[in-house]
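Structural features, examined
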Amino acid sequence: MNSDSDCRSWFSAADLLTQDGTAPVALIGAPLGLGSITPGRCDLAPETVRAAMKRMSVYDLETETDLSSVRIFDAGDIGLERTQPAEAFAPIVETLMPLTREHQLTIVLGGNNAVTRPCVHALDAMLQRVGVLTLDAHFDLRDTDCGLTNGNPIQALLEDGLPGAHIAQIGLLPFANTRKAHDKAKSAGIYVATAAACKAQGLAVIAENALARLAAKCDVIHVDFDIDVVERSAMPGASGARPGGVGVQDFFDATRFICAHPKVRSVDLTEFDPSLDVAAISALTAARWVCEALAGYQKR
Ligand SMILES: [Mn+2]
């Protein structure tokens with residue numbers, strides 16, 4: 001067999017991972033499983049995504065994009081076993097803060113959506129320079145009086161002092177949110193775009209509007225990709241995904257567009273629960289999401 005033969009295997013997205021800390025992109029697992037309103041196994045997502053990356057080629061023939069020269073520092077997983085969201089806050093912030101300073105893009109593999117709050121704090125401890133974009137079927141504005149969960153990271157960030165004008169939320173679904181949450185978003189001045197608006201205008205176009213608004217006010221931006229924003233028939237591995245969500249191709253296109261923005265310094269993929277997956281649909285979607293993030297980064 002020739003040394004460059006691809007008869008048995010190919011250079012995969014997993015082969016981009018390196019222990020070289022000078023790589024421009026970092027990837028880290030934040031396997032937070034506890035604290036979900038619907039109990040599940042989001043803690044299994046980082047290892048599942050890394051395994052699925054072996055099934056991804058580094059070449060996109062549609063745009064002739066070649067990721068083979070991208071290098072990703074694999075920072076491993078943060079130890080979050082038996083950790084509730086409140087206790088996970090400090091270790092996630094402390095681990096991410098140096099990564100986001102030393103790398104142009106840090107990819108965080110959740111974990112449930114409760115990892116988003118510490119991701120934002122890691123970018124700016126004072127919260128005044130940072131913007132947050134969420135692609136999510138839900139506002140995540142539930143009250144915090146029963147403790148931190150995957151249902152209230154945005155509410156917690158507002159209570160932490162993040163201005164509502166620094167938040168944009170796109171992909172929200174009917175009958176998956178309360179009037180109370182919608183009223184909170186309106187009164188806080190959060191930019192809101194429903195799944196229907198995203199489908200009518202294009203998720204990437206809506207994301208462009210949202211990023212332009214955030215970039216005018218903020219120096220750095222964190223983007224939360226809650227994978228339950230995707231239409232449930234294409235996303236069995238997320239308990240919150242519902243019929244009527246955004247299409248998976250729109251999700252990929254928006255991911256590439258967003259990750260090309262120079263102010264986007266960190267992104268998270270949350271709510272992927274491998275124990276619910278069917279035929280690796282969600283795992284392969286998550287692995288493609290990593291590839292799209294890298295393809296976007298490479299366009300900078
Ligand atoms: Mn969410």
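First things first, this report covers the structure right here in the doc. (Residues numbered from 1 in each chain as written. Predicted model: local features only at pLDDT ≥ 70, side-chain atom pairs only at ≥ 80, totals over all residues. Heavy atoms only, no water.)

Once that is clear, we can look at the sheet that holds strand S10 (residues 220-226). Within the open sheet, the nine strands sit side by side as S1-S5-S2-S6-S11-S10-S7-S8-S9. Their pairing is parallel. Looking at strand neighbours, the two that pair on one side only are strand S1 (17-18) and strand S9 (191-194), the edges of this open sheet. Bridging between strand S6 (residues 105-110) and strand S11 (residues 264-270) involves four bridges; their strand directions are parallel. Bridged to Ile107 within S11 is Val267. (Pairing = 2+ DSSP bridges. Helix = DSSP H or I, 4+ residues; strand = E, 2+ residues; numbered from the N terminus.)

Proximity of charged atoms lets side chains of opposite charge pair with each other. Using the criterion set out here, one finds 11 salt bridges in the structure. For Asp77, the salt bridge goes to Arg50, with nearest N and O atoms at 3.0 Å. Here the residue Asp77 occupies a position in strand S5 (residues 72-77), and Arg50 occupies one in helix H1 (residues 45-53), the gap between them amounting to 27 residues. Classification of Arg50 by relative accessible area gives buried; the value is 16%. Where Asp60 meets Arg256, a salt bridge forms, and the shortest distance between an N and an O atom there is 2.9 Å. Here the residue Asp60 occupies a position in strand S3 (residues 59-60), and Arg256 occupies one in helix H8 (residues 248-259), the gap between them amounting to 196 residues. Each member of the pair, Asp60 as well as Arg256, carries the same accessibility label: buried. Ionic contacts of the salt-bridge type, sharing partners, join the residues Asp60, Arg256, Arg288 and Glu292 into one network. (Salt bridge = Lys/Arg side-chain N within 4 Å of Asp/Glu carboxyl O. Buried < 20%, exposed > 50% of the residue type's maximum accessible area, 1.4 Å probe, protein only.)

For the manganese ion, the full set of protein donor atoms is Asn113 (OD1), Asp136 (OD), Asp140 (OD) and Asp226 (OD), at a range of 2.0 to 2.3 Å. Here the donor residues for the manganese ion map to a single chain with the spacing N-x22-D-x3-D-x85-D. Remark: Asp140 occurs in the loop between strand S7 (130-135) and helix H4 (153-160) and Asn113 occurs in the loop between S6 and helix H3 (116-123); sequence separation between them is 27 residues. The burial state of Asn113 is the same as that of Asp140; both residues are buried. (Donors = N, O, S within 2.8 Å, 3.2 Å for Na, K, Ca; no water.)

Helix-helix packing is described using two parameters, namely the angle between the two axes and the distance between the axes. Axis separation between H1 and helix H9 (residues 281-298) bottoms out at 8 Å; the angle between their running directions is 75°. When the axis of H1 is compared with that of H9, the two are roughly perpendicular. Between H1, through Thr48, Val49, Ala52 and Met53, and H9, the contact on the second element is made entirely by Ala283, Ala286, Ala287 and Val290. Of the residues contributing to the contact of H1 with H9, the split by class is seven nonpolar, one polar and no charged. (Axes fitted to C-alpha atoms, helices over the stretch in contact; angles between N-to-C directions. Parallel < 35°, antiparallel > 145°, perpendicular 65-115°, else oblique. Contact = heavy atoms within 4.5 Å. Nonpolar A, V, L, I, M, F, W, Y, C, P; charged D, E, K, R; others polar.)

Right, let's talk about the side chain of His121 for a bit. Along the polypeptide, His121 turns up in helix H3. For His121, the side chain forms a polar contact with the side chain of Asp160, separated by 2.7 Å. In this view, His121 contacts Phe89, Val93, Met97, Leu127, Leu157 and Asp160; residues no more than four positions away in its chain are not counted. (Polar contact = N/O pair within 3.5 Å; in protein donor to acceptor, adjacent residues only side chain to side chain.)

This brings us to the pairing of S11. With respect to burial, S11 is a largely interior element, six of its seven residues being buried. By the bridge criterion, six bridges tie S10 to S11 in an arrangement that is parallel. Its bridge partner being in S11, Phe225 is matched across the sheet by Leu269. At this point the chain moves from S10, through H8, to the parallel S11, and the crossover so formed is right-handed. (Right-handed = clockwise from strand over helix to strand, strands pointing away.)

Before going further, it helps to spend a moment on the pairing of S10. Judged by how many residues are buried, S10 sits mostly within the fold: seven of seven residues are covered. Neither face of S10 is exposed, since Val220, His222, Asp224 and Asp226 on one face and Ile221, Val223 and Phe225 on the opposite face are all buried. Across six bridges, S7 lies against S10 in parallel orientation. Looking at S10, one finds that Val130 is bridged to Val220.

Here we come to the environment of Ala181. Residue placement: Ala181 occurs in helix H5 (residues 179-188). With near-sequence residues (within four places) excluded, Ala181 lies in contact with Phe139 and Leu141.

Here we come to helix H7 (residues 203-215). Across its 13 residues, H7 extends 18 Å between first and last C-alpha, which sits within 8% of the 18 Å expected from 1.5 Å per residue. When we look at burial in H7, the residues that qualify are Leu203, Ile206, Ala207, Ala210, Leu211, Leu214 and Ala215. Considered in projection along H7, the buried side chains sweep an arc of 160° and stay on one side of the axis. (Expected span 1.5 Å × (residues − 1). Arc of directions from axis to C-beta.)

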